[in-house]
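Examining the three-dimensional arrangement
So the chains spell out like this:
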Amino acid sequence: MCVLSSIFSFIPILHAIRTYNRRAALNDFLAGISVAFVHLPQGLGFGLLGSLKPIHGIYSTFYPVLLYLVFGTSPHVSLGTNAVLAVLTASVVEREAKLWVDLNNHTVISDEEILQYKVGISMMLTFFAGAILLLIGLLRLGFLTNYLAVSFIGGFTTVSAIHITTSEIGKMLNIEVKAYSGTGKIIKTFIEIFSNIKKTNIADLIISIVSIVILLTVKIFVNEKYKARLKIPIPIDLIVVVLSTIISYVSNFKDVYGVAIVGDIPTGMPPPILPNFESTPRVAKDSFVVAILIFALTISMAKLMAKLNNYELNNNQELVAYGMSNLFSSFFQCFP
């Protein structure tokens, strides 16, 4: 019985299947569909935000969800891409790519080679972050969650929102903006934006404004206002992505108006490959910060949902779940 108990505690899905209330199946299905609708467009967007390709955002919304399903204890958490972590990933991969290019300044390096190097760095970042979280969980250090201040999480999220918005302005205007890091990053980025503001593509700007207006209108005045009557929220993120893609393709926005497009997205899933361990000392240091943020941002939401729905959360097992999700996903071109 001790062995079985240990297995059930390490793989909570086994206990969840045994004790599942079938009457909740329809509601769970609708909830899963609504969350999946959000995962897809967010994955595409955060792949770009992480200075990678959109497809890497899709990979990062697929593998972690499956792993968390097996090892997680919160019925309300769906692990996937996150804007804060995408921005941090971008800063690390941009820095490492620049160092790599500088070291090989006598060699002609294509954009595709630089991108593949970035992917390797993001995989290593994910690997070490997962290893750190898994180790903390196995050492039963989940009690550290009690020392997470709400003000810290709120303050960090607010500052991150400013960084995320700043990084997206260049894409909204379709102008080239250099990637900055370190002190004064936001100020330097805005100077760069205003220096190139005359190069703004009006079509991109109009599409951005219309999309933002539609998204906010539906989310605030429909989904939020009528949430008690709606079985699932209107998946406006997915609708906007699908409709804008169709309109852009049919009207040939790229050639006619010079609109920036994502391009082809490969089908299928990549075979597992080893992360790039060339820059281990620097990236391992960044991974510690990333691991703490994964822990802080996810566990705070999980604990809030546990409190609202009156159930216990296993902090140590949650850490194991975050660790396993990132560690395993690192072999499939995912970012943290």
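Residues numbered from 1 in each chain as written. Predicted model: local features only at pLDDT ≥ 70, side-chain atom pairs only at ≥ 80, totals over all residues. Heavy atoms only, no water.

The condition that has to hold: UniProt positions are given in the numbering used here, feature names are shortened, and annotations may be inferred rather than shown by experiment.
An unreviewed UniProt entry annotates the protein as SLC26A/SulP transporter domain-containing protein of Lottia gigantea. According to the UniProt record, the Subcellular location (unreviewed entry) comment for the protein is "Membrane".

**Details of the environment of Lys53**
The following threshold applies: Each helix corresponds to a stretch of at least 4 residues labelled H or I by DSSP, and each strand to a stretch of at least 2 residues labelled E; elements are numbered beginning at the N terminus. Buried residues are those whose accessible area, probed at 1.4 Å on protein chains only, stays under 20% of the maximum for their type, while exposed residues exceed 50% and partly exposed ones sit between those limits. By the convention used here, residues are in contact when the closest approach between their heavy atoms is within 4.5 Å.
If you trace the backbone, Lys53 turns up in the loop between helix 3 (25-49) and helix 4 (54-71). Lys53 gets classed as partly exposed once you look at its relative accessible area, which sits at 35%. Sequence separation between Lys53 and Val250 is 197 residues, and the spatial gap between their C-alpha atoms is 23 Å. Discounting chain neighbours no more than four positions away, the residues touching Lys53 are Gly47, Glu112 and Leu115.

**Here's the deal with the pattern of salt bridges**
Using the following cut-off: Put simply, a salt bridge is a Lys or Arg side-chain nitrogen that is within 4 Å of an Asp or Glu carboxyl oxygen.
On inspection of all chains with the given rule, the structure shows nine salt bridges. The salt bridge partner of Asp286 is Arg95, with a shortest N-O separation of 2.6 Å. With Asp286 in helix 12 (residues 280-309) and Arg95 in helix 5 (residues 83-103), this pair connects stretches of sequence that are 191 residues apart. Between Lys98 and Asp102 there is a salt bridge, with the nearest N and O atoms lying 3.4 Å from each other. Note that Lys98 and Asp102 are positioned in helix 5 at a spacing of four residues, about one turn of the helix. Relative accessible area serves as the criterion here: at 55%, Lys98 is assigned to the exposed category. Judged by relative accessible area, which is 42%, Asp102 ranks as partly exposed. What you see here is one network of salt bridges that share partners, running through Arg95, Glu96, Arg282 and Asp286.

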